[in-house]
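Analysis of the macromolecular model
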Amino acid sequence: MADETTERFLANIRVFAREVVARHAPAWARGEAPDPAILTQAAGIGLTRIEVPAAFGGLALGFRAKVEACAIIASVDFGLAMALVNTHNVAKRIAISAPSPVATRLLPALLNGHASACTALTEPDAGSDAAAMQCRAERVDGGWVLDGEKTWIVNGRHARYSIVYAQCAGQGRAAGIAAFLVDLADPACTRYAIESAFSQASIGTGGFRLNRCFVRDERLLLPAGTAFKAILEEINGARIYVAAMNCAMVSAALRIVHAYGETRQTFGKPLNQHPSWREKRAECATALAAAWSLVEAAIAATEAGGETRHLAAAAKVNAVTLAQRELPALLHAMGAEGLRETYPFARHIGAAQIAALTDGSTAMLLDRLGRWDPTPIRL
Ligand SMILES: Cc1cc2nc3c(=O)[nH]c(=O)nc-3n(C[C@H](O)[C@H](O)[C@H](O)COP(=O)(O)OP(=O)(O)OC[C@H]3O[C@@H](n4cnc5c(N)ncnc54)[C@H](O)[C@@H]3O)c2cc1C
């Protein structure tokens with residue numbers, strides 16, 4: 001049961017999703033960049049401060065609040081939800097791991113939405129196998145010199161700050177990877193936007209190249225030996241909110257289809273009076289209930305401080321696969337009307353494809369689950 005502060009926070013997010021995000025999402029799907037004022041509005045209602053400690057101006061809410069906030073925004077626009085939560089996660093990491101003067105200096109712009117941030121592991125030649133990254137961190141007097149390229153990064157096209165993972169030792173050694181806080185406004189950084197057939201506008205996808213970029217010692221956030229383990233744990237949590245976001249996209253689509261099925265007439269009666277049409281929706285609702293239950297189990301395990309590696313992976317694989325299967329079917333259930341841009345079906349279909357790759361691709365997670373036994377009772 002959420003406390004009063006969390007309830008108030010989530011109520012504001014619902015209004016924001018309904019009244020602001022829903023109005024602009026069709027234009028973002030056509031490739032229009034979100035107005036920066038929307039990001040400051042999102043920050044104003046706390047979306048970049050959720051888990052950030054109160055001492056740094058954060059809301060200090062729990063993991064569940066973050067998952068629910070992400071799901072509410074994603075039910076309208078997955079891309080914006082990903083953009084905001086990525087800035088949020090960097091702000092949280094800075095608050096926890098940066099020296100206090102650095103955190104005090106940099107956090108206000110992230111928390112008030114005047115700057116965005118990203119987390120960069122992926123490179124042109126290292127995606128699933130992140131430990132094979134080639135971005136180098138070379139020790140020099142007073143700091144480090146970073147050289148290499150990061151690509152397919154949420155917020156990469158506009159982020160002011162990035163937590164960049166780079167190799168301090170030989171290539172391919174996870175233990176040699178450290179995390180640096182890089183100011184992407186540095187002249188040693190060149191960046192580019194990445195577009196695709198599914199719009200990347202609200203998620204802000206892009207890449208950047210660091211050309212021997214100097215980073216002061218104080219901005220080494222996680223030294224080699226701890227960084228890779230820390231990001232794997234962070235990504236584990238991300239799998240749970242991405243799972244919730246996919247469930248939320250299916251929930252939103254199913255609600256629209258339910259409403260449409262009551263009014264659209266074919267062969268003299270509403271669509272939902274045709275058993276074969278209704279049965280498909282029932283199957284979707286049943287699978288969706290199971291997907292939400294898995295998300296709930298993963299949240300509960302996280303809150304209890306328990307082991308979540310398998311649950312998080314299973315929740316994400318299950319929810320993403322559900323979204324990939326059901327969203328096209330739900331669009332189809334609307335007939336031609338479902339193709340209109342006022343409905344979220346087409347952009348949610350693109351979002352599910354993106355979700356299948358971010359924070360551990362489906363193939364990689366299935367590899368992990370290959371020997372998992374989820375049986376909850378003694379047999
Ligand atoms: C919109 C978007 C936003 C992103 N944001 C970020 C971000 O913010 N930060 C970041 O660091 N990265 C980000 N990524 C990158 C994402 O993490 C990678 O796309 C993902 O790790 C997969 O890497 P890849 O695309 O290079 O595919 P590859 O590693 O080249 O794999 C290609 C395909 O083969 C499969 N595959 C790979 N190896 C195996 C294997 N051993 N067995 C079976 N199948 C295998 C993969 O699952 C995939 O389907 C983002 C990606 C997208 C699309």
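Residues numbered from 1 in each chain as written. Predicted model: local features only at pLDDT ≥ 70, side-chain atom pairs only at ≥ 80, totals over all residues. Heavy atoms only, no water.

1. Some words on the domain arrangement of the chain
Each assigned domain of the chain is listed here: domain 1 (4-115), domain 2 (118-225) and domain 3 (228-369). Summarising the inter-unit geometry, the C-alpha centres of domain 1 and domain 2 are found 22 Å apart. In this assembly, 25 residues from domain 1 lie in contact with 17 residues from domain 2. Carbon and sulfur atoms supply 69% of the area buried between domain 1 and domain 2, which totals about 1700 Å² over both sides. Summed over the three residues of domain 1 that lose the most area to domain 2, namely Val90, Arg93 and Leu106, the buried surface amounts to 26% of that side. Close ionic contact of arginine 105 with glutamate 218 constitutes a salt bridge, the shortest N to O distance being 3.5 Å. Among the elements that make up the side of domain 1 that touches domain 2, the one with the highest residue count is helix α4 (residues 78-97) (11 residues). For the side of domain 1 that touches domain 2, a count of residues per class yields 16 nonpolar, 5 polar and 4 charged. (Domains from an automatic or database assignment. Contact = heavy atoms within 4.5 Å. Buried area = accessible area lost by both parts, 1.4 Å probe. Salt bridge = Lys/Arg side-chain N within 4 Å of Asp/Glu carboxyl O. Helix = DSSP H or I, 4+ residues; strand = E, 2+ residues; numbered from the N terminus. Nonpolar A, V, L, I, M, F, W, Y, C, P; charged D, E, K, R; others polar.)

2. Quick word on unusual backbone geometry
Of note, arginine 212 is a non-glycine position whose phi angle comes to about 50 degrees, a positive value. Mapped onto the fold, arginine 212 is located in strand β7 (residues 206-216). In this structure, phenylalanine 267 takes a positive phi of about 50 degrees despite not being glycine. Inspection of the secondary structure puts phenylalanine 267 in the loop between β9 (265-266) and β10 (269-270). According to the relative accessible area criterion, phenylalanine 267 is exposed, its value standing at 81%. (Buried < 20%, exposed > 50% of the residue type's maximum accessible area, 1.4 Å probe, protein only.)

3. Notes on the environment of leucine 107
Locating leucine 107 in the fold gives a position in helix α5 (residues 100-111). Between the C-alpha atom of leucine 107 and that of phenylalanine 56, which follows or precedes it by 51 residues, the distance is 7.6 Å. Excluding its chain neighbours within four sequence positions, the residues that come into contact with leucine 107 are Phe56, Ala91, Ile94 and Ala95.

4. Thoughts on helix α1 (residues 4-29)
Over its 26 residues, α1 extends 35 Å from the first C-alpha to the last, a length consistent with the 38 Å expected when each residue adds 1.5 Å. Its axis deflected by about 45 degrees at valine 21, α1 carries its strongest bend there. Here α1 has its buried residues at Thr6, Phe9, Leu10, Ile13, Phe16, Ala17, Val20, Val21, Ala25, Pro26, Ala27 and Trp28. Turning to α1, the residues buried within the fold contact α2 (36-44), α3 (63-74), α4 and α9 (345-355). (Expected span 1.5 Å × (residues − 1). Bend = angle between axes of the 7 residues up to and from the residue.)

5. Some remarks on the nonpolar core
In this structure, Phe9, Phe16, Leu47, Phe78 and Met245 are the most contacted members of the largest nonpolar core, which totals 74 residues. When residues of this core are traced back to their parent elements, those giving at least two are α1, α2, α3, α4, α6 (227-263), α7 (275-303), α8 (309-333) and α9. Top element by residues in this core is α6. It accounts for 15 residues. Looking at this core, you find at least three residues from each of domain 1 (4-115) and domain 3 (228-369). Residues contacting phenylalanine 16, with those up to four places away along its chain left out, are Val21, Ile38, Gln41, Ala42, Ile45, Leu47, Ile73 and Leu80. (Core = buried A, V, L, I, M, F, W, Y, C linked by side-chain atoms within 4.5 Å.)

6. Thoughts on the side chain of arginine 49
Looking at the secondary structure, you find arginine 49 in the loop between α2 and α3. No salt bridge is formed by the buried arginine 49; its nearest oppositely charged neighbour, glutamate 51, is found at 13 Å. Side-chain polar atoms of arginine 49 contact the backbone oxygen of alanine 43, separated by 3.3 Å. Ignoring any residue separated from it by four or fewer positions in sequence, one finds arginine 49 in contact with Ala43, Gly44, Gly57, Gly58, Leu59, Ala60, His88 and Leu111. (Lys, Arg positive; Asp, Glu negative; His and termini not counted. Polar contact = N/O pair within 3.5 Å; in protein donor to acceptor, adjacent residues only side chain to side chain.)

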